[in-house]
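Report on the structure
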Amino acid sequence: MNPQANLIFIISLLLGTTMTISSNHWIMAWTGLEINTLAILPLISKSHHPRAIEAATKYFLTQSAASALVLFSSMTNAWHTGQWDITQLTHPTSSLILTSAIAMKLGLVPFHFWFPEVLQGSPLTTGLLLSTIMKLPPIALLYMTSHSLNPTLLTTLAILSTALGGWMGLNQTQIRKVLAFSSISHLGWMAIIIVYNPKLTLLNFYLYAMMTATIFLTLNTIKVLKLSTLMTAWTKIPSLNAMLLLTLLSLAGLPPLTGFLPKWLIIQELTKQDMAPAATLISLLSLLSLFFYLRLAYCTTITLPPHTTNHMKQWRTNKSTSIMIAILTTMSVMLLPISPMILTIV
C-alpha cells in the first residue's frame, strides 16, 4: 500500500477514536465510530487476497449493523427523555439496545462470530489495531454509560464470553484465531466489572492492550502465523522467543506477572459486591484459556522438532520495532510489584 494512503488511514483511525472518546453528544460518538470503521477497511483488505476481502466485508456488515443500533438506541432515549447527552442514557430499552450494539462492536458472545474470521483474514499489524485501538471507543461508551447498564445482562454476556473464548480456542492451529478467542475471553473479564467499578475495566483494557501488542509485534518480527511454524521459529531470535513465553503466561494471568493484576482486582471487587459465585465461575472458566496459552508457550520455547530447519540467526533486526518490543515486554512481565502505584494513578 502507498505510504501516504497508509498514513491517512492511521490518522483517520486516531481521529475517529479521539472523537468518540471525547464527545458528549451521541451523534458525534456515532460519527467517530463510523470514521474508525471506514479507516480500518482498506488496512484489512490491502493484501487483495480473497480471504482478506471476505474479512473486510464481514467487518463492514457487522460494524455498520452495530452503528445503526447505537444510533437507534440514542434516538429512542432522546425520544423519551429529550436528552442527547451520552451520560444521560436512562431509558431501559435504550440501554438494552446499546449493550447489544457495543457487544456486537467488541465481539462479545453471542455476537462474536465475525471476530476470529476477520482477524484471520487480516495482516498481523492490522490484527493488532483490531484487537487494541478498535476496542477502545466501544469500551469508552460503556464506561460513560456504566451507571445505567443492566448488571444481569452484562454478567451473563461476560461469563458466556469467557467460557466460549476459552472453549473455542482449544483446538485452533492458527495463531491469529487463538488470539481472537483470547480477546473474547478477556472482554468477558472487562464486561463483568464495568457496572461495579468502571475504572477496573479501563485498567484491564490497558494492560490487555499492552500484552497483546507485545505478542503481535513479536510474531510480526519472527514472521509466524501457525503453530507449526512457531515450533521452528526459536532458532531465529532465541531471546525474543523466551520473552514471548513470559508474555503469553502473563496474558494467561499467572501470578508473578503483570496479567495477574487485573484478574486479582476484579475477583476482589466481585467478592465485595456479593458476587462470589460469579467470581468463582469466571476464574474456573479462565483455566480453559490458560490451556491454549500454555500450548502456545510450549510450542514457542520448549519443543525441539526432530528435523530443525537451518535458520540463520538474525544478527540485525528493525531497530525501532526492537526498542518498542523490549519496552512492552518488560512492562508485560514486570508491572505486578508496582501495582499499588498503578492503582493510585487509576
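Thresholds applied
- Residues numbered from 1 in each chain as written.
- Predicted model: local features only at pLDDT ≥ 70, side-chain atom pairs only at ≥ 80, totals over all residues.
- Heavy atoms only, no water.
- Helix = DSSP H or I, 4+ residues; strand = E, 2+ residues; numbered from the N terminus.
- Rg over C-alpha atoms; globule rule 2.2 N^0.38 Å.
- Buried < 20%, exposed > 50% of the residue type's maximum accessible area, 1.4 Å probe, protein only.
- Contact = heavy atoms within 4.5 Å.
- Areas by Shrake-Rupley, 256 points an atom, 1.4 Å probe, with all protein chains shown as cover.
- Phe/Tyr/Trp six-rings, centres within 6.5 Å; stacked < 30°, edge-to-face > 60°.
- Lys NZ or Arg CZ within 6 Å of the ring centre and 35° of its normal.
- Salt bridge = Lys/Arg side-chain N within 4 Å of Asp/Glu carboxyl O.
- Expected span 1.5 Å × (residues − 1).
- Axes fitted to C-alpha atoms, helices over the stretch in contact; angles between N-to-C directions.
- Parallel < 35°, antiparallel > 145°, perpendicular 65-115°, else oblique.
- Left-handed = near helix turned anticlockwise from the far one by under 90°.

Description of the overall build of the protein chain
Counting secondary structure elements, the protein chain contains 16 helices and zero strands. Computed over the C-alpha atoms, the radius of gyration of the protein chain is 20 Å, within 12% of the 20 Å expected from 2.2 N^0.38 for a compact globule of 346 residues. Counting the 346 residues in the protein chain, one finds 54% classified as buried. Sequence-distant contacts, at least 24 apart, represent 77% of the contacts inside the protein chain between residues at least 6 apart. Split by element, the accessible area of the protein chain, about 15200 Å² in all, is 71% carbon and sulfur.

Observations regarding the packing of aromatic side chains
Two aromatic rings, taken as a pair, are described by how far apart their centres are and by the angle between their planes. Per the stated rule, a full pass over the model turns up five aromatic pairs. Residues W114 and F115 carry aromatic rings whose centres are separated by 5.3 Å and whose planes lie at 70 degrees to one another, so their mutual orientation is edge-to-face. Considering the side-chain rings of F292 and Y293, the 5.0 Å spacing of their centres and the 50 degrees angle between planes classify their relative orientation as tilted. Relative accessible area serves as the criterion here: at 1%, F292 is assigned to the buried category. Among the aromatic residues, those joined into a ring-pair cluster are Y59, W114 and F115. Just above the ring of F115 sits the side chain of K135; from NZ or CZ to the centre is 3.7 Å. Over the ring of W189 we find K263, and its NZ or CZ is 5.1 Å from the ring centre.

A look at the side chain of S286
Looking at where S286 falls in the secondary structure, it is placed in helix α14 (residues 276-302). The class for S286 is buried, based on a relative accessible area of 9%. Aside from chain neighbours lying at most four places away, what touches S286 is T162, W189 and K263.

Here's the deal with unusual backbone geometry
Along the chain, V109 connects to P110 via a cis peptide bond; the corresponding omega equals 5 degrees. Within the secondary structure layout, P110 lies in the loop between α4 (92-106) and α5 (114-121). For H48, which is not glycine, the phi dihedral falls at a positive 60 degrees. Residue placement: H48 occurs in the loop between α2 (26-44) and α3 (50-81). Despite not being glycine, K223 shows a phi value in the positive range, around 55 degrees. If you trace the backbone, K223 turns up in the loop between α10 (198-222) and α11 (227-230). Its relative accessible area of 59% is what places K223 among the exposed residues.

A closer look at the pattern of salt bridges
Applying the stated criterion across every chain, the model contains three salt bridges. E54 is the partner of K58 in a salt bridge, and the nearest nitrogen-oxygen pair spans 2.8 Å. Taken together, the residues span about one helical turn, with K58 and E54 both in helix α3 at a distance of four residues. The exposure class of E54 is partly exposed, given its relative accessible area of 40%. The salt bridge partner of E117 is K177, with a shortest N-O separation of 3.5 Å. Here the residue E117 occupies a position in helix α5, and K177 occupies one in helix α9 (residues 175-193), the gap between them amounting to 60 residues. Relative accessible area serves as the criterion here: at 18%, K177 is assigned to the buried category. Via salt bridges that share partners, E54, K58, E117 and K177 belong to a single interconnected network.

Let's talk about helix α13 (residues 260-272)
Spanning 13 residues, α13 covers 18 Å between terminal C-alpha atoms, matching the ideal 18 Å at 1.5 Å per step. For α13, the complete set of buried residues consists of L261, P262, K263, L265, I266, E269 and L270. Lining the buried residues of α13 we find α9, α10, α12 (238-252), α14 and α16 (339-345). D274 sits one or two positions beyond α13 and adopts a positive phi of about 60 degrees.

Description of the environment of A252
Within the secondary structure, A252 is located in helix α12. Sequence separation of A252 and E269 is 17 residues, and the distance between their C-alpha atoms is 20 Å. Excluding anything up to four places from it in sequence, A252 contacts K263, L290 and Y293.

A word on the packing of helix α8 (residues 151-168) against α9
Packing of α8 against α9 brings their axes to within 7 Å, and their N-to-C directions diverge by 160 degrees. The angle between α8 and α9 places the two elements in the roughly antiparallel class. Two packed elements cross with a definite hand, and for α8 against α9 that hand is left-handed. Taking contact as the criterion, the partners of L154, T155, A158, I159, S161, T162, L164, G165, G166 and M168 in α8 are, on α9, F181, I184, S185, G188, W189, A191 and I192.

Everything listed here is a matter of coordinates, which is why it stays silent on function.
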